[in-house]
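Observations on the three-dimensional arrangement
Below are the chains, spelled out letter by letter.
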Amino acid sequence: MNAPVILWFRQDLRLVDQPALVAAVETGRPVIPVFVLDDEGPGAYAPAGASRWWLHHSLIALDASLRAKGSRLVLRRGHSADVIAAIAAETGASAVHAVRHYEPWHKQAAADIALRLPLHLHEGLVLCPPALVLSGTGSRYRMFTPWWKALLHHMPPPKPLAAPERIVAPAHWPDGEELAQWALLPRQPDWAAGFHDHWQPGEDAARQRLRDFLPHLGRYQEDRNFPGIATGISRLSPHLHFGEISPALVWHLAAREAGEAAAPFLREVGWRDFGINMIDQWPGYGWVDGRAASSGFPWRQPEQDAEAARDLRAWQQGLTGYPIIDAGMRELWATGYVHNRIRMLVASFLVKHLLIDWRHGERWFWDTLVDADYGNNAMGWQWIAGTGFESNPFGRIMAPLGQSEKFDCGDYIRRWVPELSHVGEPHVHDPEEFGLRLPGYPAKIIGHQQARARALAASARLQKN
Ligand SMILES: Cc1cc2nc3c(=O)[nH]c(=O)nc-3n(C[C@H](O)[C@H](O)[C@H](O)COP(=O)(O)OP(=O)(O)OC[C@H]3O[C@@H](n4cnc5c(N)ncnc54)[C@H](O)[C@@H]3O)c2cc1C
């Protein structure tokens, strides 16, 4: 009975509603909580810039929570299966408990471990395991609306589990690495210096953020499209991505607070499960077009085309001459986050106005978002690019200047583009149109009508071929 069990943490960095933790504790054996920094298995999808900042602080918070229960977090680096097997060999651990994950590299790591040790996977990442959400004929969905209706038959999700009172420690702890040695935080330059003004990683902060948002739930439907309304959205995405709060807990607390009025918000939380449903079925969705007909689209490729490379840089740096796009890209750099409406606008601008392959945008978001998430990011980009199974047709081109005015983005622009901080309405949305030349602010990289015509011509070329 003294052989310990390993509790393998991944994107589930919490103690409340942590089914793998509860199962490990219920064995009655000592528990060894482990986090493995595995940059090999995920390859290009290893946690990148902003995510590493979050991860650093989230691991500190998790270790503190574990210590309050008599335990601690063991940190190791390397190939997940090798590390877990090595810890089992060092400690005599008899089994591994973990939450089931759906990213292809996480599935592979679990399969590799299961070849060497008894591995118990527990659901806890999703509202409902994706393989259970089926049509009447027993097939999986690729479109959101019918999938959502089917998901609702499985709702509410299981009642959240309380964190255990105590976690039995092993007689001898295996060696761990020092978090500081992992150098997850940026230095020279410290581009994340401002992140603390916007974020506090960790499960206590995640639950606090949800509590702060709950009183505004009733206005979510009206306010969620306006980037300037701070209470319009929850900003829970990085907490959900790192599993600092479970979607089931979000569901139950939102439903308790607002009843039926929580439905529009819970539907958006459902999109996260839908993204997991997509990558579970199409593991390459992060880089392979969903619609085969989209492959061969004549994207401009920055690797081979100096002008496209210049345009990509202007987009990344927020120097396109389109105030709403530049505000969004600068906010992203400064805070690691942008509002969904702005994500749609900047993504659309890259793929339609600049005609640059959506995969370049996916990569930039992967590096700069604190909530960079394989399923959600892939789904967002493929939706905007018109390449996804569920997507906005390519020919439907968002007009960034009109959207900026419609969604009341004047203050948002003035905040993030200092060159325009003194420009009033309606000029701030499109100063060039009003003949304003602002010192230091670039002219439009391409005119809206010209970009639109170029995008539609490219789309027509694809259809002809
Ligand atoms: C091009 C593009 C890329 C994106 N990349 C990511 C990403 O890497 N990571 C990420 O978490 N989201 C991504 N999204 C989805 C969405 O923009 C964010 O989830 C949302 O803006 C997060 O803010 P919030 O937590 O305040 O959301 P809220 O509106 O408060 O919604 C609550 C939760 O529901 C989920 N959610 C809401 N909208 C969506 C959506 N459209 N798709 C999937 N889940 C959703 C999120 O988990 C979110 O935290 C992307 C969208 C686009 C258009």
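Residues numbered from 1 in each chain as written. Predicted model: local features only at pLDDT ≥ 70, side-chain atom pairs only at ≥ 80, totals over all residues.

1. Details of the overall build of the protein
Within the protein, the secondary structure is distributed over 18 helices and 5 strands. Here the C-alpha atoms of the protein give a radius of gyration of 23 Å, agreeing with the 23 Å that 2.2 N^0.38 yields for 465 residues. Taken over the C-alpha atoms alone, the protein extends approximately 80 × 50 × 50 Å along its principal axes. Here the protein holds 465 residues, and the buried ones make up 46% of them. Look at the contacts in the protein between residues 6 or more apart in sequence, and 76% of them connect residues 24 or more apart. (Helix = DSSP H or I, 4+ residues; strand = E, 2+ residues; numbered from the N terminus. Rg over C-alpha atoms; globule rule 2.2 N^0.38 Å. Buried ≥ 20, exposed ≤ 12 C-beta atoms within 10 Å, placed from the backbone. Contact = placed C-beta atoms within 7 Å.)

2. A closer look at the pairing of strand 2 (residues 31–37)
In terms of burial, strand 2 is largely enclosed, as 7 of its 7 residues are buried. By the bridge criterion, 5 bridges tie strand 1 (residues 5–9) to strand 2 in an arrangement that is parallel. Its bridge partner lying in strand 2, Leu7 is registered against Pro33. For the handedness criterion, the β-α-β arrangement of strand 1, helix 1 (residues 19–26) and strand 2 is classed as right-handed. Where strand 2 lies against strand 3 (residues 74–77), 4 bridges are found, and the strand directions are parallel. Within strand 3, the position partnered with Val34 by the bridge is Val74. (Pairing = 2+ DSSP bridges. Right-handed = clockwise from strand over helix to strand, strands pointing away.)

3. Examining helix 14 (residues 358–368)
Residue pairs three or four apart in sequence face the same way in an α-helix, which turns once every 3.6 residues. Where burial is concerned, most of helix 14 is hidden: 9 out of the 11 residues are buried. Buried residues of helix 14: Trp358, Arg359, His360, Gly361, Glu362, Trp364, Phe365, Trp366 and Thr368, and no others. Considering only its buried residues, helix 14 is in contact with helix 2 (49–67), helix 11 (306–317), helix 12 (323–335), helix 13 (340–353) and helix 15 (374–385).

4. A closer look at unusual backbone geometry
In this chain, Met155 is followed by Pro156 through a cis amide linkage whose omega measures 5 degrees. If you trace the backbone, Pro156 turns up in the loop between helix 5 (144–152) and helix 6 (203–213). Of note, the bond from Glu425 into Pro426 is cis; its omega dihedral lies within 30 degrees of zero at -5 degrees. In this structure, Pro426 sits in the loop between helix 17 (410–416) and helix 18 (448–464). Here Asp408, not a glycine, exhibits a phi torsion of approximately 60 degrees, which is positive. Assignment of secondary structure puts Asp408 in the loop between helix 16 (400–406) and helix 17. Here Asp408 falls in the partly exposed class, since 15 other C-beta atoms lie within 10 Å of it.

5. What about the environment of Arg235?
Inspection of the secondary structure puts Arg235 in the loop between helix 7 (220–223) and helix 8 (237–241). With 19 C-beta atoms packed within 10 Å, Arg235 lands in the partly exposed category. A C-alpha to C-alpha distance of 40 Å links Arg235 and Thr91, two positions 144 residues apart in sequence.

6. Some details on the nonpolar core
Ranked by internal contacts, the top residues of the largest apolar core, which has 121 residues, are Ile6, Leu7, Val34, Ile84 and Ile413. Discounting residues that sit within four places of it in the chain, Ile84 has contacts with Ile6, Trp8, Val34, Val36, Val96 and Ile113. (Core = buried A, V, L, I, M, F, W, Y, C linked by C-beta atoms within 7 Å.)

7. A closer look at the sheet that holds strand 4 (residues 95–99)
What the 5 strands build is an open sheet, ordered 3-2-1-4-5; its pairing is parallel. Each of the sheet's edge strands pairs with one partner strand only, and the pair in question is strand 3 and strand 5 (119–122). With strand direction ignored, the average angle separating the axes of adjacent strands in the sheet is 30 degrees. The sheet strands contacting helix 3 (residues 80–91) are strand 1, strand 2, strand 3 and strand 4, and the helix crosses strand 2 at an angle near 150 degrees. Strands strand 4 and strand 5 of the sheet are contacted by helix 4 (residues 104–114), whose axis makes an angle of about 145 degrees with strand 5. (Axes fitted to C-alpha atoms, helices over the stretch in contact; angles between N-to-C directions.)

8. Looking at the packing of helix 5 against helix 10 (residues 263–281)
Two elements in contact, helix 5 and helix 10, have axes separated by 10 Å at closest approach and are oriented at 105 degrees. Taken together, the axis directions place helix 5 and helix 10 in an arrangement best described as roughly perpendicular. For the pair helix 5 and helix 10, contact is made by Phe144, Trp147, Trp148 and Leu151 and by Arg267, Gly270, Asp273, Phe274 and Asn277, respectively. Looking at the contact of helix 5 with helix 10 residue by residue, the classes come out as 5 nonpolar, 2 polar and 2 charged. (Parallel < 35°, antiparallel > 145°, perpendicular 65-115°, else oblique. Nonpolar A, V, L, I, M, F, W, Y, C, P; charged D, E, K, R; others polar.)

9. Points about the packing of helix 14 against helix 15
Direction vectors running N to C along helix 14 and helix 15 enclose 150 degrees, while the axes themselves pass 10 Å from each other. Between helix 14 and helix 15 lies a crossing of right-handed hand. Note on element contacts: helix 15 touches helix 14 through Asn377, Ala378, Trp381, Gln382 and Ala385, opposite Trp358, Gly361, Glu362, Phe365 and Trp366. Residues of the contact of helix 14 with helix 15, tallied by class, amount to 6 nonpolar, 3 polar and 1 charged. (Left-handed = near helix turned anticlockwise from the far one by under 90°.)

10. Thoughts on the site of the ligand
Neighbouring residues of the ligand: 29 residues in total, closest Ile233, Ser234, Ser237, Asn377 and Gly380. Of all the elements in the fold, those that place two or more residues in the shell around the ligand are helix 8, helix 10, helix 13 and helix 15. Take the shell around the ligand: its biggest share by element is 6 residues, from helix 15. Built from parts of two domains, the shell around the ligand gets at least three residues from each of domain 2 (126–157 + 205–281) and domain 3 (292–458). (Near = placed C-beta within 6 Å. Domains from an automatic or database assignment.)

11. Looking at helix 2
The terminal C-alpha atoms of helix 2 lie 28 Å apart, and with 19 residues this matches the ideal 27 Å at 1.5 Å per residue to within 8%. With 14 of its 19 residues buried, helix 2 lies for the most part within the structure. (Expected span 1.5 Å × (residues − 1).)

12. Some details on the domain arrangement of the protein
Reports often express the size of an interface as the amount of accessible area lost when the parts come together. Each assigned domain of the protein is listed here: domain 1 (1–124), domain 2 (126–157 + 205–281) and domain 3 (292–458). In this structure, domain 1 and domain 2 have C-alpha centres spaced 25 Å apart. Taken together, the contact pairs 12 residues of domain 1 with 15 residues of domain 2. Along the lines of polarity and charge, the residues of the side of domain 1 that touches domain 2 split into 4 nonpolar, 3 polar and 5 charged.

13. Section: the environment of His429
Relative to the helices and strands, His429 resides in the loop between helix 17 and helix 18. In contact with His429, other than residues within four places in its own chain, are Pro323, Ile324, Leu401, Ser404, Glu405 and Gly410.

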